[in-house]
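# Observations on the three-dimensional arrangement
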Amino acid sequence: MITVPLSYPPKGEVLQKHALPQVMAMGQFDGLHMGHQSVIRTAVSLAERRQCPVSVMTFHPHPKEVMKKGDYEGYLTPIAEKKELLKSMGVDVLYIMEFNEAFSRVSPQQFVEDVLFPLQVQTAVVGFDFRFGHRGEGDESMLRELGGARMTVETVPPFQLNGEKVSSSGIRKALREGDLARALDWLGRSYRLQGIVSDGEKRGRTIGFPTANLRLNDNYVIPMKGVYAVRATVDGEQLKGVMNVGVKPTFHEGDLQPSFEVHLFDFDRQIYGEWMAVELCHFIRPERKFSGVQELVTQIRNDADTARQLLSSSRL
Ligand SMILES: Cc1cc2nc3c(=O)[nH]c(=O)nc-3n(C[C@H](O)[C@H](O)[C@H](O)COP(=O)(O)O)c2cc1C
Ligand SMILES: Nc1ncnc2c1ncn2[C@@H]1O[C@H](COP(=O)(O)OP(=O)(O)O)[C@@H](O)[C@H]1O
């Protein structure tokens, strides 16, 4: 998969270089959840039938982050994760349109004429609720109208699970509320956080549970404070473990930034500075304040047993 960064107005030579009859899926696609996956699969199979390349156009940073709307809560899939997932789905070209003030003012018509036509998009594939152009004035029917005879539009209906419409906002809410099972069902995979192992308070080893502190590399949607059964990858090695997301109320007062600490099972190595990916598989319990270290340690031991059981008996 090749990645093509674009900004508005796009440079003529960049468009020319990448102009090619193609099927393009378009959207924000934060989370690349089951609904997004069905849009991309539709584009992939259409392109296969037509024997032409399949591309995705996404917008970065997230419009809500740029427009400072106040309800921006971070990414489910930061751009690096999105790239990796799209590549694994068979996408040939990923166009990343820089979302900024200037782009937010582009009309639906300008977008189609200045970007999609020059790239020779033959078919645009969008989700039923796709909006584009200034103030989100454009929708799928406007896209179809503007495309005319030069570009057809394929609209993918909402993806439903148990009668509910899968959505990024629903996944964010489920993560915030500790309903990890629902978030994962809707994502269609585990929820992954990545970053560098950094220094903590050096207390873990003294209580028999060393924890690798994850310094997140991106602005992620933060799951509810609590304990999770996780799978981790460190230096290519796949490990199981138990993670606490929280502020350690047993030791600290006040509204602190949460930390992400993973106790890895059957592991004893110094990994400060190493890259770690952590997949959240099961939610075990909310974080709480214990009356003393002994109570906390007893509970962590239980959590570790629970996590081992959950991880050995589930497909996640
Ligand atoms: C499985 C697990 C569960 C935890 N649960 C709590 C908790 O409920 N309340 C709390 O105050 N700290 C909790 N912690 C955090 C510990 O307080 C923390 O790991 C310990 O203080 C070591 O911190 P350090 O790695 O920064 O040295 C938990 C840690 C683990 C590994
Ligand atoms: N089983 C393990 N799980 C997590 N980290 C481990 C483990 N064994 C050794 N380590 C190392 O110990 C560190 C955690 O020890 P800890 O006392 O909790 O220190 P810190 O407070 O700096 O995280 C990790 O960053 C890692 O380098």
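Residues numbered from 1 in each chain as written. Chains lettered and ligands numbered in written order. Predicted model: local features only at pLDDT ≥ 70, side-chain atom pairs only at ≥ 80, totals over all residues. Heavy atoms only, no water.

If you look the protein chain up in an unreviewed UniProt entry, it shows as Riboflavin biosynthesis protein from Paenibacillus terreus. Under the heading Sequence similarities (unreviewed entry), UniProt records this for the protein chain: "Belongs to the ribF family." (UniProt positions renumbered as here; feature names shortened; annotations may be inferred.)

## A few points about the overall build of the protein chain
In terms of helices and strands, the protein chain carries ten helices and 14 strands. On the principal axes, the C-alpha backbone points of the protein chain span a range of 70 × 40 × 35 Å. The buried share among the 316 residues of the protein chain stands at 49%. Sequence separation of 24 or more characterises 74% of the internal contacts of the protein chain that already satisfy a separation of 6 or more. (Helix = DSSP H or I, 4+ residues; strand = E, 2+ residues; numbered from the N terminus. Buried < 20%, exposed > 50% of the residue type's maximum accessible area, 1.4 Å probe, protein only. Contact = heavy atoms within 4.5 Å.)

## A short note on the site of ligand 1
Surrounding ligand 1, one finds 22 residues, the nearest of these being Arg 203, Thr 211, Thr 250, Glu 261 and Arg 288. Between an oxygen atom of ligand 1 and a side-chain N or O atom of Thr 211, the distance comes to 2.6 Å. Thr 250 is positioned with one of its side-chain polar atoms (N or O) 2.7 Å from an oxygen atom of ligand 1. Within the residue set of the shell around ligand 1, elements represented by two or more residues are strand E12 (237-246) and helix H10 (293-313). For the shell around ligand 1, the element with the highest residue contribution is H10, accounting for three residues. Residue classes in the shell around ligand 1 are distributed as seven nonpolar, six polar and nine charged. (Near = heavy atom within 4 Å. Polar contact = N/O pair within 3.5 Å; in protein donor to acceptor, adjacent residues only side chain to side chain. Nonpolar A, V, L, I, M, F, W, Y, C, P; charged D, E, K, R; others polar.)

## Observations concerning the sheet that holds strand E11 (residues 226-234)
As summarised here, the arrangement of the six strands in space is E9-E10-E13-E12-E11-E14, forming a closed barrel in which the pairing is antiparallel. Ignoring strand direction, the axes of neighbouring strands in this sheet form an average angle of 45°. In the packing of H10 onto the sheet, contacts are made with E11, E12 and strand E14 (275-286), and the angle to E14 comes to roughly 105°. (Pairing = 2+ DSSP bridges. Axes fitted to C-alpha atoms, helices over the stretch in contact; angles between N-to-C directions.)

## Remarks on the pairing of E14
Here strand E9 (residues 191-198) pairs with E14 via six bridges, running antiparallel. Within E14, the residue paired with Tyr 191 across the bridge is Leu 280.

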